[in-house]
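A closer look at the structure
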Amino acid sequence: MKIPTPTIRVQRADFDPAAESALITAGRADIGAVVSFVGLCRDEAGTLAALELEHYPGMAEAEMTRIASLAIERFALLGLTAIHRHGRIDAGGQIVLVVAAAAHRQAAFDGANFVMDFLKTSAPFWKKEHGKDGQAGDWVAAKDADDAAQARWQNPIRE
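Let me sum up the structure you'll find in this document. (Residues numbered from 1 in each chain as written. Predicted model: local features only at pLDDT ≥ 70, side-chain atom pairs only at ≥ 80, totals over all residues. Heavy atoms only, no water.)

Let's talk about helix α3 (residues 105–122)
For α3, which comprises 18 residues, the first-to-last C-alpha distance of 25 Å matches the rise-based estimate of 26 Å (1.5 Å per residue) to within 8%. Buried residues of α3: Ala107, Ala108, Gly111, Ala112, Phe114, Val115, Met116, Asp117, Phe118 and Leu119, and no others. (Helix = DSSP H or I, 4+ residues; strand = E, 2+ residues; numbered from the N terminus. Expected span 1.5 Å × (residues − 1). Buried < 20%, exposed > 50% of the residue type's maximum accessible area, 1.4 Å probe, protein only.)

Here's the deal with the pattern of salt bridges
The final tally for this structure, using the stated rule, is 7 salt bridges. For the salt bridge of arginine 88 with aspartate 90, the shortest nitrogen-to-oxygen distance reads 3.7 Å. Assessed through its relative accessible area of 47%, aspartate 90 is described here as partly exposed. (Salt bridge = Lys/Arg side-chain N within 4 Å of Asp/Glu carboxyl O.)

Digging into a nonpolar patch on the surface
Among the surface-exposed residues, Tyr56, Met59, Trp126 and Trp139 lie close enough to one another that they form a single nonpolar patch of about 450 Å² accessible area. With respect to the helices, strands and loops of the structure, tyrosine 56 is situated in the loop between β3 (48–55) and α2 (59–75). Under the relative-accessibility criterion, tyrosine 56 is labelled partly exposed at 45%. (Patch = residues over 30% accessible without salt bridge, like charges linked within 9 Å, V, L, I, M, F, W, Y side chains within 5 Å. Areas by Shrake-Rupley, 256 points an atom, 1.4 Å probe, with all protein chains shown as cover.)

Take a look at the structure:
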């Protein structure tokens, strides 16, 4: 069986999750499950107007490809798309999309979770908050919870 090549994009423009899922499944009868995750910009209880996302061009795509390739291998995924936006994203806007396709649902769920946990901790993206009061906030610091989520994948898979 040929190992699929992940689709990886870092872009300013918004994305269409349904269209991306359709691209993965088009003409395929071997896929039994597709799991998609869309990360959105929260308004933080009405205080946040937008996030400004920056990335390290070239390195961000390379790290996303590395993470996606690990997920494909580890979970026997049949397709994987990861899209991360950059620039200013208003509250409610889409930031990140992961679409994982597999023969069975658990592999698709695990693959999508794995990719998100590693994107949050390993890919070179930075977020700066912009408040509804017009003030630019701080750059968002890494969270211990994100590191803990990533660390769980270091343990062997339990069958």
